[in-house]
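# Geometric and topological summary
Residues per chain are reported as follows:
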Amino acid sequence: MARGNRTLAQNTSFGLAGFFLVVGLIGLVVNPDFGTGPNLSARLFIIDWNGWHAVGTLFLGVTALVAAGRPLWASAFLAANAAVNATTATWALFDRSPL
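Residues numbered from 1 in each chain as written. Predicted model: local features only at pLDDT ≥ 70, side-chain atom pairs only at ≥ 80, totals over all residues. Heavy atoms only, no water.

### Remarks on the overall build of the protein
Looking only at helices and strands, the protein has three helices and two strands in total. Walking the protein from its N terminus toward its C terminus, one meets helices and strands in the order α-β-β-α-α. Looking at the protein as a whole, 27% of its 99 residues qualify as buried. Considering only residue pairs separated by 6 or more positions, the protein has 54% of its internal contacts joining residues 24 or more positions apart. (Helix = DSSP H or I, 4+ residues; strand = E, 2+ residues; numbered from the N terminus. Buried < 20%, exposed > 50% of the residue type's maximum accessible area, 1.4 Å probe, protein only. Contact = heavy atoms within 4.5 Å.)

Given below as structure tokens:
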């Protein structure tokens, strides 16, 4: 698909794919541990990271990349991603312990 033929939603989805893939790989380097509990995380940016967070972020990156292929998919991905991240951010405001 030529770059000029993509919609804003597709370009945004493609950009988020790159961001999520890079951050997910950095997260795996920072803390590749797949355990659970409060003592198994490492701080990266403002997030407590472990292997599970990194894999989830990589999954988001792959999903965003696939969604960028079609305008409707890209719009749906962006809407779902915004809703999920808003919910997660709200939860994080009130919960001080990592999963």
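Here the narrative resumes, following the displayed structure.
### Concerning helix H1 (residues 8-30)
Residues separated by three or four positions in an α-helix point in the same direction, a consequence of the helix having 3.6 residues per turn. Counted at 1.5 Å a residue, the expected span for H1 with its 23 residues is 33 Å, and the 33 Å between its end C-alpha atoms agrees. For H1, the full list of buried residues reads Ala 9, Gln 10, Ser 13, Ala 17, Phe 20, Val 23, Gly 24 and Gly 27. (Expected span 1.5 Å × (residues − 1).)

### Digging into the packing of helix H2 (residues 51-67) against helix H3 (residues 71-94)
Look at H2 against H3: their axes get within 8 Å of each other, and the N-to-C directions meet at 150 degrees. By the angle class used here, H2 and H3 are roughly antiparallel. Side by side, H2 and H3 meet where Leu 60, Thr 63, Ala 64, Val 66 and Ala 67 of the first sit next to Trp 73, Ala 74, Phe 77 and Asn 81 of the second. Here the residues of the contact of H2 with H3 are counted per class, giving seven nonpolar, two polar and no charged. (Axes fitted to C-alpha atoms, helices over the stretch in contact; angles between N-to-C directions. Parallel < 35°, antiparallel > 145°, perpendicular 65-115°, else oblique. Nonpolar A, V, L, I, M, F, W, Y, C, P; charged D, E, K, R; others polar.)

### As for a nonpolar patch on the surface
The grouping of Val 62, Val 66, Leu 72 and Trp 73 at the surface amounts to a nonpolar patch, some 430 Å² of accessible area in total. When contributions to the nonpolar patch are tallied by element, the ones reaching two or more residues are H2 and H3. Mapping Trp 73 onto the fold places it in helix H3. Classification of Trp 73 by relative accessible area gives partly exposed; the value is 44%. (Patch = residues over 30% accessible without salt bridge, like charges linked within 9 Å, V, L, I, M, F, W, Y side chains within 5 Å. Areas by Shrake-Rupley, 256 points an atom, 1.4 Å probe, with all protein chains shown as cover. Salt bridge = Lys/Arg side-chain N within 4 Å of Asp/Glu carboxyl O.)

### Quick look at the packing of aromatic side chains
For the structure shown, the criterion picks out two aromatic pairs. A ring pair is formed by Phe 34 and Trp 52, whose centres lie 4.9 Å apart and whose planes are at 85 degrees; its orientation type is edge-to-face. You can see Phe 34 sitting in the loop between H1 and strand E1 (42-44) and its partner Trp 52 sitting in helix H2, a full 18 residues away along the chain. Here Arg 6 stacks its cationic end above the ring of Phe 14, 5.1 Å away from the centre of that ring. The ring of Trp 73 carries the charged tip of Arg 70 above its face, separated from the ring centre by 4.8 Å. (Phe/Tyr/Trp six-rings, centres within 6.5 Å; stacked < 30°, edge-to-face > 60°. Lys NZ or Arg CZ within 6 Å of the ring centre and 35° of its normal.)

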